Amino acid sequence: MNGVVHRVEAHCRKNSKSKVNFLYKSNINYIFDKYENNFKYKKLNRIKGYKQDKGQYDILIQFRLKYCKSKGLINEDIDPLLVKALIAAESSFRERVITKMPNSSATGLMQLLKTTMNILSKKISKEVRVANIDINQEEAREALVNIAAGTRWLIFKITTSPNRKSKSQKVRMYSGVKYYHSWNDDGDVYAKKVFQIYENSK
Amino acid sequence: MKILSSLIIILLIYSCSVMIASQPDNTVLSNSKKKAFCTIKNEKINKFELYELGDLPCLKYKLKVSSTEYLEIEYITLNKYADDIYERGHQVLKRVKNNKTVEVIKLRKEEDTYWSDTPFVRVRKQQYFADLDDDGYLEFAVFPFSSGSAIVGTVRIFSLKDKIVLWGKGKYQFEGDTFVRLNCPNWSKFNPKEIKNCE
């Protein structure tokens, strides 16, 4: 248990030269159990048009966003409703879903690819240097794990998009959502869809 | 007479280089319901290596054009400790002839996002080079890869002329496909029906 606590405390520390600590599924669960009560949560709006949204993930989403902000991964608040809109666009709130698209590994609520999981765990590419998460595809079918990795990925995209220094928060968020999906024109189509869902549900 | 013989020699050298560049590599692709495999023969151990879904399959960073010429993609490190991901480095495309670098192209433009990787991918089935427009010059594809929830990315296709020039764009399904799709409709999710409309 001591080892787990050590990794948890070191996680999300923003220091590119620090020794990397990986979060595994057990750590993600542990963090939630230990720190859930450290934050306040509000009731989020339902996503319009998505009956599957019964508010079941509201606390998980808010927790991950607040926790990572508290650890310095991002300096601003991300509206948890935006993350819900992204989940609606990706999976329609079906947490166990694995895409039926041929040759795709998109998994769970936030449709994480195995390629993305491999980047988060530094198995391919070393671009994510802190707050690394090491999970497999089966684990990504669990809501808590999927939201932890998905929000980490979204935060990474917001803080590394070409518009990361824009004065407009909406532009920064839009870019993060776009690059969460794709860096080319398809990403714009996707971001517009997510923001439409988001605006309709405000 | 001298001019004629020189012309014949030049033509011979050119056709040889085209033949070398157009040769298919030893790859096999097989699909099952849940996994896609792309295998590349490892010449050193004379075995096929297996790539699983979630890897980036069938990538190359060096392409042989002829016995004296090759293309290479290289990551130039500027400051590997930089907090800003854009300041850490960038990828360049190099053209090397007779062991001399004759051309260097910075791949990422200012407006582009950072890329995790920029490998060569097959421009046509089992071919890293192909003359796509029948103009006598070979085309090749570079895949600027930045992972997202989309499984289809955009490749940049270049033409190997006296200078390397941007030829166009294509689509590439990076978790399981093995060659570039041309003239595809735009899509955000890979649609098996729509890909029938691609070449």
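Predicted model only: the values in this text are computed from it and were never measured.

1. Things to note about the sheet that holds strand β11 (residues 164–173) of chain B
Residues and elements named next belong to chain B. What the four strands build is an open sheet, ordered β8-β9-β10-β11; its pairing is antiparallel. Each having just a single partner strand, β8 (120–121) and β11 make up the two edges of the open sheet. Both strand β9 (residues 138–142) and strand β10 (residues 152–160) contribute to a ladder of five bridges, which runs antiparallel. Residue pairing for β10: A141 is matched across the bridge by I157.

2. Describing the nonpolar core
Among the nonpolar cores identified, the biggest contains 84 residues, and A85, L86, A149 and V194 of chain A together with V123, F140 and A141 of chain B are the most heavily contacted of them. Broken down by element, this core gets its largest block of residues, nine residues, from helix α6 (residues 143–160) of chain A. Excluding anything up to four places from it in sequence, F140 of chain B contacts L63, L71, F120, V123, Y128, F129, F158 and L160 of chain B.

3. Quick word on α6 of chain A
For α6 of chain A, spanning 18 residues, the distance from its first C-alpha to its last is 25 Å, which sits close to the expected 26 Å at 1.5 Å a residue. Counting buried positions along α6 of chain A yields 14 of 18 residues, so the element is predominantly enclosed.

4. Overview of helix α7 (residues 169–181) of chain A
Compared with the 18 Å implied by 1.5 Å per residue over 13 residues, the 19 Å span of α7 of chain A between its first and last C-alpha is a close match. Those residues of α7 of chain A lying buried are R172, M173, Y174, S175, G176, V177, K178, Y179, Y180 and H181 of chain A.

5. A closer look at the packing of α6 of chain A against α7 of chain A
Residue and element names in this part refer to chain A. Packing of α6 against α7 brings their axes to within 8 Å, and their N-to-C directions diverge by 120°. Here α6 lies oblique to α7, going by the angle between them. Relative to α7, the crossing made by α6 is right-handed. Across the interface between the two elements, W153, L154, K157 and I158 of α6 pack against R172, M173, G176, Y179 and Y180 of α7.

6. Focus on the pairing of strand β7 (residues 100–106) of chain B
Residues and elements named next belong to chain B. Pairing of strand β6 (residues 89–97) with β7, which is carried by six bridges, proceeds in the antiparallel orientation. Note that in β7 the partner of V92 across the bridge is K106. In this structure, the hairpin formed by β6 and β7 is closed by a connection of two residues, where N98 is found at a positive phi of approximately 50°.

What counts, and at which threshold
- Residues numbered from 1 in each chain as written.
- Chains lettered and ligands numbered in written order.
- Predicted model: local features only at pLDDT ≥ 70, side-chain atom pairs only at ≥ 80, totals over all residues.
- Pairing = 2+ DSSP bridges.
- Helix = DSSP H or I, 4+ residues; strand = E, 2+ residues; numbered from the N terminus.
- Core = buried A, V, L, I, M, F, W, Y, C linked by C-beta atoms within 7 Å.
- Buried ≥ 20, exposed ≤ 12 C-beta atoms within 10 Å, placed from the backbone.
- Contact = placed C-beta atoms within 7 Å.
- Expected span 1.5 Å × (residues − 1).
- Axes fitted to C-alpha atoms, helices over the stretch in contact; angles between N-to-C directions.
- Parallel < 35°, antiparallel > 145°, perpendicular 65-115°, else oblique.
- Left-handed = near helix turned anticlockwise from the far one by under 90°.

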